[in-house]
Amino acid sequence: MAEIYYDGDADLSIIQGKKVAVVGYGSQGHAHAQNLRDSGVEVAIALKPGSKSIQKATEAGFEVKTVDEAAEWADLIMILAPDQHQRSIYNEQIKPHLKPGKTLAFAHGFNIRFGYIEAPEGVDVILVAPKAPGHTVRREFVAGRGIPDIIAVEVDASGTAWETAKSYAKAIGGTRAGVIKTTFTEETETDLFGEQSVLCGGVSQLVQYGFETLTEAGYQPEIAYFEVLHELKLIVDLMWEGGIAKQRWSVSDTAEYGDYVSGPRVIDPHVKENMQAVLADIQSGAFAKRFIDDQDNGAKEFLELRAKAEQHPIEKTGVELRGLFAWKQEDTDYTDGSAAR
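Residues numbered from 1 in each chain as written. Predicted model: local features only at pLDDT ≥ 70, side-chain atom pairs only at ≥ 80, totals over all residues. Heavy atoms only, no water.

1. Some thoughts on the overall build of the protein
Stated formally: Only runs of H or I of at least four residues qualify as helices and only runs of E of at least two qualify as strands under DSSP, and these elements are numbered from the N terminus. Restricting the calculation to C-alpha atoms gives the radius of gyration, and the globule rule supplies 2.2 Å times the number of residues raised to the power 0.38. Whether a residue is buried, partly exposed or exposed follows from its accessible area with a 1.4 Å probe, protein chains only, as a fraction of its type maximum: under 20%, in between, or over 50%, in that order. What makes two residues a contact is simply this: any of their non-hydrogen atoms within 4.5 Å. Residue-level accessible areas treat just the shown protein chains as cover; the underlying method is Shrake-Rupley with a 1.4 Å probe.
The helix and strand tally for the protein stands at 19 helices and 9 strands. Against the compact-globule benchmark of 20 Å for 341 residues, the protein has a radius of gyration of 22 Å, which places it among compact chains. When burial is assessed residue by residue, the protein has 39% of its 341 residues classed as buried. Across the protein, every contact between residues at least 6 apart in sequence was considered, and the portion connecting residues at least 24 apart equals 65%. Working note: accessible area of the protein is about 18,800 Å², and carbon and sulfur atoms make up 55% of it.

Listed below in structure tokens is the structure:
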């Protein structure tokens, strides 16, 4: 059984006694910073000169420092920049200022797990990862609730790194919901696998194939869009509330029967074998190398794949159809371009 911590298991005064630098002010950055401040923690935002986020952070009342200044000033440095940029930010602007007794913190273990970042001796390395987008982390905190976090310690140089991680999680609201103990390796590998095989890659490909199957059979694209994409939210919400069992309980008997007899025909044992191959590439570091090598090459493959995906017919249908709804769907973190971690 997983080890889970709640408010009573964490000492807020530990993080209140530290100066915290939050590197980045995107989706996760603004939520961590504001929740920490509301919990009585001294926070500064670390951004590169000319960053578009400087104005947002300043207007929110934060002191903005360069990454060099913040790394020198802080006792704990939470790196919330995108995975592909963390290595250069760390090597050029954070590492020179690390001293024994400081803490290096992450919300995703990618760069530590795959060796792109190595902390010097005497520095604690911890992970505190809320399992939700930043705007949800902030909204739930303000409402007096919290988002479940997972925490890990890669290096416990001080002997108190776990207590620091729990204290940080409490300050951003995690222990209100529950904080699960994990490792950097487990968090990174399961997170990447979940994204690639189910949550992003798997679902996206399944939806596209469903849309193609219906439209190629002569059905209207608008009807196909509703049946394979729009209604997906209803199903996922039910799963989130009560697992697959609640989803099956909530739908019609016809839908439930179809789930049992047709689901395994679409997602057959070969899919699981393919998932195992995806996991093997994650565990070996092959995916990480492919991603970082491509980013170092100007993200050529990444941008080509994005452009190709944007041309799928389901996207054109969706834009047109959503524009006709009597109500308007909005996600400010998506539409204002601030979704980057």
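2. What about the packing of aromatic side chains?
The cut-off we apply is this: Aromatic rings from Phe, Tyr and Trp, taking only the six-membered ring of Trp, are treated as a pair when their centres fall within 6.5 Å; an angle between ring planes under 30 degrees marks them as stacked, one over 60 as edge-to-face, and anything in between as tilted. Sitting over a ring, as applied to charges here, requires NZ of Lys or CZ of Arg to be within 6 Å of the ring centre and within 35 degrees of the ring normal.
Taken as a whole and judged by the stated rule, the model has 8 aromatic pairs. Feature note: the residues F110, F114, Y116, F287 and F291 constitute an aromatic cluster, connected by ring pairs. Positioned above the aromatic ring of W162 is the side chain of K181, whose terminal nitrogen or guanidinium carbon lies 4.7 Å from the ring centre.

3. Observations regarding the UniProt feature "binding site: NADP(+)" (unreviewed entry) in the protein
Put simply, the rule reads: UniProt positions are given in the numbering used here, feature names are shortened, and annotations may be inferred rather than shown by experiment.
The feature "binding site: NADP(+)" (unreviewed entry), as annotated in UniProt, sits at Y25, G26, S27, Q28, K48, S51, S53 and G134 in this numbering. Within the secondary structure layout, G26 lies in the loop between strand 2 (19–23) and helix 2 (27–38). When its relative accessible area of 17% is taken as the criterion, G26 is described as buried. Tracing the backbone through its elements, the reader meets G134 in helix 7 (residues 134–142). Setting aside residues up to four positions removed in sequence, G134 forms contacts with S27, Q28, H30 and A31.

4. Description of the sheet that holds strand 2
Just so we agree on the cut-off: Strand pairing follows a simple DSSP-based rule, namely that at least 2 bridges must link the two strands.
Taken in spatial order, the 9 strands make up an open sheet running 1-9-8-7-6-5-2-3-4, and their pairing is mixed. The sheet is open, and its two edges are formed by strand 1 (4–5) and strand 4 (63–65), each paired on a single side. Note that strand 5 (residues 76–79) and strand 6 (residues 103–106) share 4 bridges and pair parallel. Each bridged residue has a counterpart across the sheet, and for L76 the counterpart in strand 6 is T103.

5. Some words on the environment of D68
By the element assignment, D68 lies in helix 4 (residues 67–73). Of the residues examined, D68 reaches a relative accessible area of 30% and is grouped as partly exposed. Apart from residues no more than four positions distant in its own chain, D68 is found in contact with E92, Q93 and H97.

6. Observations concerning helix 8 (residues 161–171)
In terms of burial, helix 8 is a largely internal element, 8 of the 11 residues being buried. Among the residues of helix 8, those classed as buried are A161, T164, A165, K166, S167, Y168, A169 and A171.

7. Here we look at the side chain of T103
With respect to the helices and strands, T103 occurs in strand 6. When near neighbours in sequence (up to four residues on either side) are disregarded, T103 contacts D75, L76, I77, V123, D124 and I126.

8. Here's the deal with the pattern of salt bridges
Convention followed: Put simply, a salt bridge is a Lys or Arg side-chain nitrogen that is within 4 Å of an Asp or Glu carboxyl oxygen.
Enumeration according to the criterion identifies 17 salt bridges in this entry. Close ionic contact of E140 with R145 constitutes a salt bridge, the shortest N to O distance being 2.8 Å. Classification of E140 as buried rests on a relative accessible area of 13%. For D237, the salt bridge is made with K233, and the minimal N-O distance between the two is 2.6 Å. Of this pair, D237 and K233 are both found in helix 13 (residues 232–250), 4 residues apart, which corresponds to roughly one turn of the helix. On the basis of relative accessibility, which here comes to 55%, the residue K233 falls in the exposed class.

9. Some points on the pairing of strand 6
Keep this limit in mind: Look down the strands so they point away from you; if going from the first strand over the helix to the second traces a clockwise path, that crossover is right-handed.
Residues of strand 6 alternate between two faces, with T103 and A105 on one and L104 and F106 on the opposite face, all of them buried. Note on the crossover from strand 5 through helix 5 (residues 83–94) to strand 6: the handedness is right-handed. As judged from the 4 bridges shared by strand 6 and strand 7 (residues 124–130), these two strands associate in the parallel manner. What sits directly across from F106, in strand 7, is L127.

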